[in-house]
Amino acid sequence: MAHSDDDAPKPLLPKLSRRAFFTGAGASAISATLVQTAAEAATAAAGPTVLGPEPEPLTLSINGRPTAVTVDPGTTLADLLRNQLGLTGTKVGCDRGACSACTVWLDGEVAAACMTLVLDTRGRKVTTIEGLAKGDELHPVQRAFVENDALQCGFCTPGMVMSCAALVDRNPKCTLDDVKQAVSGHLCRCGTYPNVFKATLAAAQAGGKGKGKS
Ligand code: FES
Ligand code: FES
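Here is what the cut-offs are and how they apply
Residues numbered from 1 in each chain as written. Chains lettered and ligands numbered in written order. Predicted model: local features only at pLDDT ≥ 70, side-chain atom pairs only at ≥ 80, totals over all residues. Helix = DSSP H or I, 4+ residues; strand = E, 2+ residues; numbered from the N terminus. Buried ≥ 20, exposed ≤ 12 C-beta atoms within 10 Å, placed from the backbone. Contact = placed C-beta atoms within 7 Å. Pairing = 2+ DSSP bridges. Axes fitted to C-alpha atoms, helices over the stretch in contact; angles between N-to-C directions. Core = buried A, V, L, I, M, F, W, Y, C linked by C-beta atoms within 7 Å. Domains from an automatic or database assignment. Parallel < 35°, antiparallel > 145°, perpendicular 65-115°, else oblique. Left-handed = near helix turned anticlockwise from the far one by under 90°. Nonpolar A, V, L, I, M, F, W, Y, C, P; charged D, E, K, R; others polar. pLDDT = per-residue confidence, 0-100.

(A) View of the overall build of the protein. Across its full length, the protein carries six helices and five strands. Across the protein, helices and strands are ordered from the amino to the carboxyl terminus as α-β-β-α-β-β-β-α-α-α-α. By residue count, 32% of the 214 residues in the protein fall in the buried class.

And the structure:
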């Protein structure tokens, strides 16, 4: 029996030429861009969040604990730690980013506390030398510094330990060159570098990752 055109199966989708497809895709992309641009414009119109000049109340994460503080907007993290919170393990040598004595961790990465505004640590995890040990258990790098006599006057030592511990946690297979690179910004007037290298490599070889970064 002959079939009429009406009997022919109907396509499920409308015919779409290649040109029409790309034109439509372009239109969708433009619409998405316009929506995004409108959202960005609304954010821009609202303006940046202005903090200060009055002291700002903040809750920071310091050594794994929520810590309520009130700071002037220009307060550095080093100043807050030492002078408001009594965490004097973080040393201040130059107060201008040149000696690394004030090294702490921000979200597990090393940072100079004297060059960091407290306001910029909102929502980030601050770890200081006081927060490196877990209870009575020293971080392997702390232990290795003691065992390898890697300190003399000790002024640069907390910063050195923070940098070396970050390295060992990140790369337990670190080499001597890696250690030298990690402490390259640290000034030690007592000249402890050879034992700092030895201690850090010993901690790495002992497989020593800390118990976890707060
Ligand atoms: S005190 Fe921060 S780098 Fe010297
Ligand atoms: S141990 Fe004295 S400055 Fe490094």
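Additional details are given in the paragraphs that follow.
(B) Broad picture of unusual backbone geometry. Of note, the phi angle at Asn63 is positive, near 50 degrees, even though the residue is not glycine. Locating Asn63 in the fold gives a position in the loop between β1 (56–62) and β2 (65–71).

(C) Local environment of helix α3 (residues 140–147). Three or more residues of α3 are buried, namely Pro140, Val141, Gln142, Ala144 and Phe145. Where the residues of α3 are buried, they touch α4 (157–170) and α6 (193–205).

(D) Examining the environment of Gly74 more closely. With respect to the secondary-structure elements, Gly74 resides in the loop between β2 and α2 (77–84). Measuring from C-alpha to C-alpha, the distance between Gly74 and Leu117 comes to 6.5 Å, with 43 residues separating the pair along the chain.

(E) Structural context of the environment of Cys188. You can see Cys188 is positioned in the loop between α5 (176–182) and α6. Distance from Cys188 to Ser100, taken between C-alpha atoms, is 9.7 Å for residues 88 residues apart in sequence. Residues contacting Cys188, with those up to four places away along its chain left out, are Cys156 and Tyr193.

(F) Structural view of the sheet that holds β2. The five strands lie next to each other as β2-β1-β5-β3-β4, forming an open sheet whose pairing is mixed. One side of each edge strand has no neighbouring strand; the edge strands of this open sheet are β2 and β4 (109–112). Ignoring which end each strand starts from, the neighbouring axes of this sheet average 45 degrees apart. The strands that α4 touches are β3 (103–106) and β4; relative to β3, the one it contacts most, it runs at about 40 degrees.

(G) Main features of the nonpolar core. Core analysis: the largest hydrophobic core is formed by 44 residues, its most contacted members being Ala113, Val141, Val161 and Cys164. Elements supplying a minimum of two residues to this core: β1, α2, β3, β4, α3, α4, α5 and α6. Counting residues per element, this core draws most heavily on α4, at eight residues. Built from parts of two domains, this core gets at least three residues from each of domain 1 (56–129) and domain 2 (140–205).

(H) Just the pairing of β4, in detail. Sheet topology places β3 next to β4; four bridges connect them, and they run antiparallel. Each residue of the ladder has a partner; that of Trp105, found in β4, is Val110. Counted between consecutive antiparallel strands, the loop separating β3 from β4 contains two residues, among which Asp107 sits at a positive phi close to 50 degrees.

(I) View of the packing of α3 against α4. Across the interface, α3 lies against α4 with an axial gap of 9 Å and an inter-helix angle of 125 degrees. The angle between α3 and α4 falls in the class oblique. Our pair here, α3 against α4, has a crossing hand that is right-handed. Each of Pro140, Val141, Gln142 and Phe145 in α3 lies in contact with α4, whose residues at this interface are Thr157, Val161, Cys164, Ala165 and Val168. Looking at the contact of α3 with α4, its residues break down into seven nonpolar, two polar and no charged.

(J) Seen up close, the confidence of the model for the protein. The pLDDT averaged across the protein works out to 85; a share of 77% of its residues lies at or above 70. Here residues 25–34 is modelled with pLDDT under 50, and outside its nearest four sequence neighbours on either side it reaches zero contacts, counting other chains as well.

(K) Representation of the packing of α4 against α6 within the structure. Running from N to C, α4 and α6 cross one another at 35 degrees; their axes reach a closest spacing of 10 Å. In this structure, α4 crosses over α6, and the sense of that crossing is right-handed. Contacts from Met160, Cys164, Leu167 and Val168 in α4 reach Val196, Thr200, Ala203 and Ala204 in α6. Its residues placed into classes, the contact of α4 with α6 shows seven nonpolar, one polar and no charged.

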